[in-house]
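Descriptive structure summary
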Amino acid sequence: MKHTILVVGATGMLGEPVARQLQQDGYAVRVLTRNPEKARMKLGDAFDLVKGDVENPASLEKALDGCFGVHINLMGGPKAEDFDRVEHRGTANVARASAELGVPHLTYLSGAAVFEENAWFPSIKAKLQAEAAIRESGVPYSIFCATHFMESLPLYIRGQRASVIGKQPHRLHWLAADDYARMVSKAFRLPEAANKRFFILGPEAWTMREALEKYCSTVRPDVKVSSTPIWLLSLIGKVSFNTELQFIAGLMRFFDKAGEGGDPAEANELLGTPTTTLEQWCEAQRKRLHPSR
Ligand SMILES: NC(=O)c1ccc[n+]([C@@H]2O[C@H](COP(=O)([O-])OP(=O)(O)OC[C@H]3O[C@@H](n4cnc5c(N)ncnc54)[C@H](OP(=O)(O)O)[C@@H]3O)[C@@H](O)[C@H]2O)c1
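Below, the structure is looked at part by part. If you're wondering where the values come from, they're calculated on a predicted model, not measured in any experiment. What you see as residue numbers is a count from 1 along each chain, following the sequence as written. Two thresholds apply to this predicted model, a pLDDT of at least 70 for residue-level local features and 80 or more for giving and counting side-chain atom pairs, whereas whole-chain, interface and lining totals are computed over all residues. Think of the side-chain values as coming from all heavy atoms in the structure, minus any hydrogens and water.

Notes on the overall build of the protein
We apply this condition: Each helix corresponds to a stretch of at least 4 residues labelled H or I by DSSP, and each strand to a stretch of at least 2 residues labelled E; elements are numbered beginning at the N terminus. Relative accessible area decides the class of each residue, using a 1.4 Å probe on protein chains only: under 20% of the type maximum gives buried, over 50% gives exposed, and in between gives partly exposed. A contact between two residues is defined here by any heavy atoms of the two lying within 4.5 Å. The accessible surface values rely on the Shrake-Rupley method and a 1.4 Å probe; as for residues, cover is taken only from the protein chains in view. Note on charges: Lys and Arg go in the positive column, Asp and Glu in the negative column, and His and the chain ends are not counted at all. Charge positions come from single atoms, namely NZ of Lys, CZ of Arg, CG of Asp or CD of Glu.
Counting secondary structure elements, the protein contains 11 helices and 10 strands. Principal-axis analysis of the C-alpha atoms places the extent of the protein at approximately 50 × 45 × 40 Å. Burial analysis of the protein (293 residues in total) assigns 53% to the buried set. For the protein, long-range pairs separated by at least 24 residues make up 78% of all intrachain contacts whose partners lie at least 6 apart in sequence. As displayed, the protein has an accessible area near 13,800 Å², and 53% of this comes from carbon and sulfur atoms. Distance between charge centres in the protein, computed from 36 positive and 34 negative side chains, equals 6 Å.

Right, dumping it as structure tokens:
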């Protein structure tokens, strides 16, 4: 009989590749979602969908029952209290329920800038607290402190303009979600991956501008890459009472300062080094989106 792994947040940009990889590697994948109809539209019939909410511990028991593992991919925000509610307390609820039901392994997507010195930023604070709750639960865990994903590059495009918001001076080891998904899946098969905090970085470092220019020249040649000052985005967000824009301005201010940290050597050795280059990923996107070009 196949082992079942519950994926919390499989409808998300970074949860779906993990769910698909787990399935490809022979696991039965169960998906926890607040909205099964919406999830079915996005994911099709490939997975067993269970309605649940990490804020409702009772809904987690049925979803976790009999599971060999659970993967957590959660996004809170945009307000600080939402990060705390969903990412910190929601993760703590999943970890606690997993401990009670004897789930043998939990994996969690954190970030490569998740350090105490960055806890002034609400989403980092929530992730630090989520990690602490996982450790306290006693469930064997693998925490994935992943850097910026290549999949987030299209999010910087509005219409025919891609914006580098702020100076964004750091070189980042952009990571392909499929490489990360293979590493998460492998962690479930490897006893040595338990109780580890892994740093997951892609093979090459590019600034945000360099990465966006590469993406646009390959996939969206109609798009021009330009710069937007953070103060301007923040001002627009404030005068229009747009909390999402205000959050993005704050996030970009954070990225401007924080960059990425951590040594990927242990993750690479145990789980396999990410190999997809930005060029390969962009080319794959071009083929997928514009097969005739
Ligand atoms: N983008 C990057 O480069 C990057 C790098 C490192 C780390 N990260 C982190 O990766 C995480 C996931 O990002 P993402 O882009 O995959 O997010 P996303 O696309 O917004 O997906 C978020 C997921 O969270 C689930 N969710 C939210 N609230 C929930 C609740 N109360 N109960 C159950 N499920 C809930 C949603 O499921 P339903 O709507 O189906 O319920 C959805 O599948 C974030 O914490 C982000 O900070 C991102």
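Resuming the write-up.
With respect to helix α7 (residues 208-219)
We count it as follows: How far a helix is expected to stretch is found by multiplying one less than its residue total by 1.5 Å.
Taking 1.5 Å of rise per residue, 12 residues should cover 16 Å, and α7 covers 16 Å from first to last C-alpha, within 8% of that figure. For α7, every residue scored as buried is listed here: M208, A211, L212, Y215, C216, T218 and V219. The inward-facing, buried residues of α7 abut β7 (157-158), β8 (161-165), β10 (224-228), α9 (243-258) and α11 (278-289).

Concerning unusual backbone geometry
Excluding glycine, most residues fall at negative phi; most peptide bonds, likewise, are trans. The omega torsion of the bond from G77 to P78 falls at 5°, within 30 degrees of zero and hence cis. With respect to the helices, strands and loops of the structure, P78 is situated in the loop between β4 (69-72) and α4 (80-101). Here N195, not a glycine, exhibits a phi torsion of approximately 60°, which is positive. The residue N195 is located in the loop between α6 (177-187) and β9 (196-200) in this model. The phi angle at F241 is positive, at roughly 50°, despite the residue not being glycine. Tracing the sequence through the fold places F241 in the loop between α8 (230-239) and α9.

A word on the sheet that holds β4
Here is the rule we go by: Strand pairing is defined by DSSP finding a minimum of two bridges between the two strands. Angles here are taken between N-to-C directions and fall from 0 to 180 degrees, while the axes themselves are lines fitted to C-alpha atoms, restricted in helices to the stretch in contact.
Taken in spatial order, the 7 strands of this open sheet run β3-β2-β1-β4-β5-β6-β9, and their pairing is parallel. Since the sheet does not close on itself, it has two edges, and those belong to β3 (48-51) and β9, each with one partner. Each strand of the sheet is rotated relative to its neighbour by a mean of 20°, with strand direction disregarded. Of the strand pairs in this sheet, strand β1 (residues 4-8) and β4 are connected by 4 bridges, and their pairing is parallel. Each bridged residue has a counterpart across the sheet, and for V8 the counterpart in β4 is I72.

A look at the pattern of salt bridges
This is how the line gets drawn: Any Lys or Arg side-chain nitrogen found within 4 Å of a carboxyl oxygen on Asp or Glu counts as a salt bridge.
Counted under the stated rule, the structure contains 18 salt bridges. The partner of D82 in a salt bridge is R85, and the shortest N-O contact between them spans 3.0 Å. Placement of the pair is D82 and R85 together in helix α4, with a separation of 3 residues, close to one helical turn. For R85, a relative accessible area of 36% corresponds to the partly exposed category.

Concerning the pairing of strand β2 (residues 28-33)
The line we're drawing: Handedness of a crossover is defined as follows: with both strands directed away from the viewer, a clockwise route from the first strand across the helix to the second makes it right-handed.
Burial analysis of β2 places 5 of its 6 residues in the buried class, which makes it a mostly covered element. Pairing analysis gives 5 bridges linking β1 to β2, with the strands arranged parallel. Its bridge partner lying in β2, L6 is registered against R30. The handedness of the β1 to β2 crossover, carried by helix α1 (residues 16-24), is right-handed. Alignment of β2 against β3, held across 4 bridges, turns out to be parallel. Bridging from a neighbouring strand, V31 pairs with L49 of β3. Chirality of the crossover, the property in question, places the unit of β2, helix α2 (residues 36-43) and β3 among those that are right-handed.

Points about the site of the ligand
To keep things clear, this is the line we draw: Proximity is defined per residue: any heavy atom of the residue falling within 4 Å of a molecule or strand makes that residue near it. Whenever two N or O atoms come within 3.5 Å, that pair is a polar contact, provided that in protein one can donate a hydrogen and the other can accept it, and provided that, for residues adjacent in sequence, both atoms are side-chain atoms.
Residues in close proximity to the ligand total 23 residues, the closest being T11, M13, T33, R34 and L74. Here an oxygen atom of the ligand and a side-chain polar atom of R34 are 2.8 Å apart. Between the ligand and N73 there is a distance of 3.0 Å, counted from an oxygen atom to a side-chain nitrogen or oxygen. For the ligand, whose accessible area on its own is 920 Å², the fraction buried by protein is 83%.

Side note on empty space enclosed by the protein
Formally: A 1.4 Å probe that fits but cannot get out identifies a cavity on a 1 Å grid over protein atoms alone, an open set with protein on both sides within 12 Å along at least five of seven lines counts as a pocket, and a residue lines either if it has an atom within 4 Å of a point. Grid points are joined across faces, edges and corners, and a volume is the space filled by probe spheres set on the points. Classification used: nonpolar for Ala, Val, Leu, Ile, Met, Phe, Trp, Tyr, Cys and Pro, charged for Asp, Glu, Lys and Arg, polar for all others including Gly.
The full count for this structure, using the stated rule, is 1 cavity of 30 Å³ or more. In this structure, the largest cavity occupies an estimated 40 Å³ of space. Every residue along the wall of the largest cavity is listed here: H148, Q168, P169, H170, L172, M208, F255 and G259. Considering only residue class, the lining of the largest cavity consists of 4 nonpolar, 4 polar and no charged.

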